2 protein chains.
Amino acid sequence: MGTERRSRGTHEAALTIRDVAERAEVSVATVSRVLAGNYPVAAKTRQRVMRAVRELNYVVNTHARALAGVRTETVAFVLNDVRGPSFSAAAYGVEREANQRGRLCLICTTEGDQERELAFMQLMREQQASAVILIGGVRDDEQYRERYTEIAQGLHAVGSRLVLCGRPSLGADVPATTVEYDNEGGAYAITTNLLANGHRRILYLGGMLEHTTSVGRLLGYHRALADFGVAPDPTLIEHGEFTRVSGYERTRAWLQQGAGRFTAIFAETDMVAAGALAALEDAGVRVPDDISLVGYDDIELASDLRPRLTTVHVPYEELGRTAVRLAIDLKEGRSREGDQHVVLGTHVVVRQSVARLHH
Amino acid sequence: MGTERRSRGTHEAALTIRDVAERAEVSVATVSRVLAGNYPVAAKTRQRVMRAVRELNYVVNTHARALAGVRTETVAFVLNDVRGPSFSAAAYGVEREANQRGRLCLICTTEGDQERELAFMQLMREQQASAVILIGGVRDDEQYRERYTEIAQGLHAVGSRLVLCGRPSLGADVPATTVEYDNEGGAYAITTNLLANGHRRILYLGGMLEHTTSVGRLLGYHRALADFGVAPDPTLIEHGEFTRVSGYERTRAWLQQGAGRFTAIFAETDMVAAGALAALEDAGVRVPDDISLVGYDDIELASDLRPRLTTVHVPYEELGRTAVRLAIDLKEGRSREGDQHVVLGTHVVVRQSVARLHH
DNA sequence: CTGTTAGCGCGTTCAT
DNA sequence: ATGAACGCGCTAACAG
């Protein structure tokens, strides 16, 4: 009781460094120095200050500190949905790496809305985040491109690194780091697996071609066919959403109208594969005995399905970690601009959803 | 070209409101007013300012703005792992509700480390977050309790709301909001389901009793047994981790040593149930024909398993949304302290993993 | 309607 | 080793 504080004792009146200084009977400068620990202070004085801090339950004000030039390093990660198994694995990687390096990690969800992504990037500019990491497909609008470029330059201007995960560069005038994984190689490898098992007519349940992910995977599929001397059948190539229901619906439609036209299905994501599997199951089609099925991403679900899904492993967590690492290393000058494009490898995980075709 | 800026043109030199003012040939106050939009400004002046802002690609500095009293409202959500299906659903709810109300959402992962949770709460104090939402079990250490209390009071002092999701209150002297769901009721209901199907010896694969979640669920189990006049067998109650491997290992051990002692398994989470199912499958035990199995949480996985898992639905997304809503409503005076404890309902989702017992 | 100016809380010279 | 004073970029009185 009785210490005279300047304001009424209500809430909202946060303690300042001055309160601590008064209580410890030192100047604010001394308190600042004790807290920062970057300057010699007499042991006894330090004790007094620390005691006052504890007794008052004081913490610094981040904003004031930032304004004075000492920033709380923050890494921002932007994705469309935290619940998505693959991106959440990337988020986990970002989180771990950021924390390990003493950075705060901020996660934002866009629900696929480009506007929100842009707004969030602006916000990060305002907050002077040390890095902004973007993941997930984008429509490659010419109009959006311009806005991205502008904001990206703004980020660069405040020393904030922009990292694009599996996304096309914004052009030479926008300094950004790119981390991706080998979509094409993975698709090639798993298509090869089907081909080696005798499959020739492979239904391709793809995503939208605006997404570079889809482009890469489809490319791998085609290259594998070409290498096996199989002429691709364009009518077997489908485009749709990367969702379970999309996989279900599309497969059901094919079973009704195009049954017999294919012996295997390549689903562009495990989620789509899960939907496809459910449709096959509902139609009484056995996997892999009647139809073989492969996915892509190797999310946990892949080994929960029955049969366990043969798929392509994508190192999502590593993707997140790498993004953070590159951003920080570059900021601290431990890396040259030249290192700023990394492609992580993918590989096939063989499980039980592919059968050798006997004809 | 040739506008004279005060610093060398390198990076790191962010634009200030003054740059904009100079370019628009107005005072900084006018720029501030245009940007805030909370004060009359002549249309022509506004135009000039906006043009300068665009041309310069300027954004405000959050920290300076915060220091001057205008905060970017931020909601912080703390959980152990973004990849966990149930908590990530809660995170999604938090995200959505926060964004919908114009708040920034910050997500932090602790990996189960209480120290990190505490550190993060401190950080949020420093950042003056408008709300901090905690989810996940805690060990109810007397020592931790004290530290939580201290930080919680600190949060309160800066007007930051603390919300505990499914976690015991920190005591009457710590103002906090609690949102939980009915663990006991759900466990009661699903146990009842097993009992109604004739099961009497139900192996209980539980979590650690330090977690209130486990306490609640076990309570429901016991109450259901009591209501059916079944004497509980303490040796059928197991405690362990909430992981898939734990479920697998524990079930395997039981199959080797205690087979025949139970006709059904109640796994305290779907993850544990998934592990149990795998163990049963590997041992050639059919579900539900030989052994019935139920879980808890109703994560997506529950309907991917074969057989589809009968489980208790927990409204995780709603939990997150409610947490945010309560915090904001209270801050804005739209709610009284009395409303600050909400219990959401749970219900059984009947699928295919329980069979009627014929003996 | 617009400009001037005094803080917001902290880090950091420069004196002492 | 410690203290006094200025400035970080912005908002909000107060004048005009």
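Residues numbered from 1 in each chain as written. Chains lettered and ligands numbered in written order. Predicted model: local features only at pLDDT ≥ 70, side-chain atom pairs only at ≥ 80, totals over all residues. Heavy atoms only, no water.

### A look at the protein's contact with DNA strand D
- Taken together, 25 residues form the shell around DNA strand D, and within it Thr30, Arg33 and Thr45 of chain A together with Ile17 and Tyr58 of chain B come nearest.
- The sugar-phosphate portion of DNA strand D accounts for 68% of its atoms within 4 Å of the protein, the bases making up the rest.
- Take Thr45 of chain A: an N or O atom from its side chain is 2.3 Å from a phosphate oxygen of DNA strand D.
- Asn61 of chain B is positioned such that a nitrogen or oxygen atom in its backbone is 3.4 Å from a phosphate oxygen of DNA strand D.
- The set of elements that each furnish at least two residues to the surface near DNA strand D consists of helix H2 (28-36) of chain A together with helix H2 (28-36) and helix H4 (62-67) of chain B.
- For the surface near DNA strand D, a count of residues per class yields 15 nonpolar, seven polar and three charged. (Near = heavy atom within 4 Å. Polar contact = N/O pair within 3.5 Å; in protein donor to acceptor, adjacent residues only side chain to side chain. Helix = DSSP H or I, 4+ residues; strand = E, 2+ residues; numbered from the N terminus. Nonpolar A, V, L, I, M, F, W, Y, C, P; charged D, E, K, R; others polar.)

### Side note on the pattern of salt bridges
All names here are of chain B.
- The full count for this structure, using the stated rule, is 50 salt bridges over all chains.
- Glu55 is the salt-bridge partner of Arg23, the closest N and O atoms lying 2.8 Å from each other. Taken together, the residues Arg23 in helix H1 (residues 17-24) and Glu55 in helix H3 (residues 43-56) connect sequence positions 32 residues apart.
- Overall, the relative accessible area of 38% leaves Arg23 in the partly exposed class.
- Notably, a salt bridge pairs Glu117 with Arg167, separated by 2.9 Å at the nearest N-O pair. In this pair, Glu117 is assigned in helix H6 (residues 114-127) and Arg167 in the loop between strand E4 (161-165) and strand E5 (177-181), connecting sequence segments 50 residues apart. (Salt bridge = Lys/Arg side-chain N within 4 Å of Asp/Glu carboxyl O. Buried < 20%, exposed > 50% of the residue type's maximum accessible area, 1.4 Å probe, protein only.)

### A few points about the protein's contact with DNA strand C
- Residues in close proximity to DNA strand C total 25 residues, the closest being Ile17 and Tyr58 of chain A together with Thr30, Arg33 and Thr45 of chain B.
- Here a phosphate oxygen of DNA strand C and a side-chain polar atom of Tyr58 of chain A are 2.4 Å apart.
- Residue assignment for the surface near DNA strand C shows that the elements contributing at least two residues are H2 and helix H4 (62-67) of chain A together with H2 of chain B.
- Class assignment for the residues of the surface near DNA strand C results in 15 nonpolar, seven polar and three charged.

### Overview of the sheet that holds strand E6 (residues 202-206) of chain A
All names here are of chain A.
- Ordered by their spatial adjacency, four strands build an open sheet running E7-E6-E8-E9, and the pairing between neighbours is parallel. If you trace the sheet from one side to the other, it starts and ends with strand E7 (237-239) and strand E9 (292-294), each paired once. Averaged over all neighbouring strand pairs, the angle between strand axes comes to 15°, with direction disregarded.
- With four bridges connecting them, E6 and strand E8 (residues 264-267) associate as parallel partners. Opposite Leu205, over in E8, you have Ala267 as the bridge partner.
- Contacts from helix H9 (residues 212-227) reach E6, E7 and E8 within the one sheet, and its direction differs from that of E6 by about 170°. (Pairing = 2+ DSSP bridges. Axes fitted to C-alpha atoms, helices over the stretch in contact; angles between N-to-C directions. Contact = heavy atoms within 4.5 Å.)

### Considerations on the UniProt feature "domain: HTH lacI-type" (unreviewed entry) in chain A
- Feature annotation in UniProt places "domain: HTH lacI-type" (unreviewed entry) on residues 15-69 of chain A, given in this structure's numbering.
- Secondary structure content for residues 15-69 of chain A is 67% helix and 0% strand, while the C-alpha to C-alpha distance between its ends is 20 Å. (UniProt positions renumbered as here; feature names shortened; annotations may be inferred.)

### Some thoughts on the packing of aromatic side chains
All names here are of chain B.
- Within this structure, the stated rule accounts for 12 aromatic pairs over all chains.
- Seen from their ring centres, Tyr204 and Tyr221 are 4.6 Å apart, and the 45° between their planes marks the pair as tilted. You can see Tyr204 sitting in strand E6 (residues 202-206) and its partner Tyr221 sitting in helix H9 (residues 212-227), a full 17 residues away along the chain.
- Taking 5.0 Å as the distance between ring centres and 65° as the angle between the ring planes, the aromatic pair formed by Tyr204 and Phe266 counts as edge-to-face. With Tyr204 in strand E6 and Phe266 in strand E8 (residues 264-267), the pair connects residues that are 62 residues apart, well separated along the chain. (Phe/Tyr/Trp six-rings, centres within 6.5 Å; stacked < 30°, edge-to-face > 60°.)

### What to know about the packing of helix H8 (residues 183-196) of chain A against H9 of chain A
All names here are of chain A.
- Where H8 contacts H9, the two axes come as close as 7 Å, and the packing angle between them is 40°. The orientation of H8 relative to H9 falls into the category oblique. Taken as a pair, H8 and H9 cross one another with a handedness that is right-handed. Contacts between H8 and H9 involve Asn183, Glu184, Ala187, Tyr188, Thr191, Thr192 and Leu195 from the former and Thr213, Gly216, Arg217, Leu219, Gly220, Tyr221, Arg223, Ala224, Leu225 and Asp227 from the latter. (Parallel < 35°, antiparallel > 145°, perpendicular 65-115°, else oblique. Left-handed = near helix turned anticlockwise from the far one by under 90°.)

### Re the domain arrangement of chain A
Residue and element names in this part refer to chain A.
- Along its sequence, chain A is carved into domain 1 (2-67), domain 2 (74-181 + 316-345) and domain 3 (183-314).
- Each partner contributes to the interface: domain 2 provides 10 residues, whereas domain 3 provides 10 residues.
- Of the roughly 890 Å² buried where domain 2 meets domain 3, counting both sides, 57% is carbon and sulfur surface.
- Ranking the residues of domain 2 by area buried against domain 3 places Pro85, Tyr181 and Tyr316 at the top, with a combined share of 56%.
- The tally of links from domain 2 across to domain 3 stands at zero salt bridges.
- Remark: the boundary between domain 2 and domain 3 carries five residue pairs in polar contact (both at pLDDT 80 or more).
- Here the side of domain 2 that touches domain 3 is composed, by residue class, of five nonpolar, three polar and two charged. (Domains from an automatic or database assignment. Buried area = accessible area lost by both parts, 1.4 Å probe.)

### A short note on the sheet that holds strand E11 (residues 341-344) of chain B
Residue and element names in this part refer to chain B.
- Spatial ordering of the open sheet is given by E2-E1-E3-E4-E5-E11, a layout of six strands whose pairing is parallel. Of all strands in the sheet, those bounded by a partner on one side alone are strand E2 (104-109) and E11. Each strand axis lies, on average, 15° off the axis of its neighbour in the sheet, ignoring direction.
- Two elements, strand E3 (residues 131-135) and E4, share five bridges in a ladder whose sense is parallel. Counterpart to Ile133 in the pairing with E4 is Val163.

### Details of the relation of the copies chain A and chain B
- The two copies are related by a screw motion: chain A maps onto chain B through a turn of 180° and a shift of 0.0 Å along the axis, at an RMSD of 0.1 Å. Such a combination of rotation and displacement between the chain copies is what one expects of a two-fold axis.
- Same-surface contact between copies: 100% of interface residues of chain A are shared with the interface of chain B. (Least-squares fit on C-alpha atoms with pLDDT ≥ 70 in both.)

### Brief notes about the nonpolar core
- Among the nonpolar cores identified, the biggest contains 94 residues, and Ile133 and Phe266 of chain A together with Ile133 and Phe266 of chain B are the most heavily contacted of them.
- If we ignore the near neighbours within four places in the chain, the residues touching Ile133 of chain B are Val75, Ala76, Phe77, Val78, Val94, Val163, Cys165, Ala323 and Val324 of chain B. (Core = buried A, V, L, I, M, F, W, Y, C linked by side-chain atoms within 4.5 Å.)

### Concerning the interface of chain A and chain B
- Contacts between chain A and chain B engage 55 residues on the former and 55 residues on the latter.
- The contact between chain A and chain B buries some 5,100 Å² in all, and 50% of this surface belongs to carbon and sulfur atoms.
- Where chain A touches chain B, the interface holds 12 salt bridges.
- Residues Asp304 of chain B and Arg244 of chain A are paired through a salt bridge, measuring 2.4 Å at the closest nitrogen-oxygen approach.
- Seen at the junction of chain A and chain B, the total is 22 residue pairs in polar contact (both at pLDDT 80 or more).
- Going through the elements one at a time, H4, helix H5 (85-100), strand E2 (104-109), helix H6 (114-126), helix H7 (142-157), helix H11 (270-282) and helix H12 (301-304) of chain A are the ones with two or more residues in the side of chain A that touches chain B.

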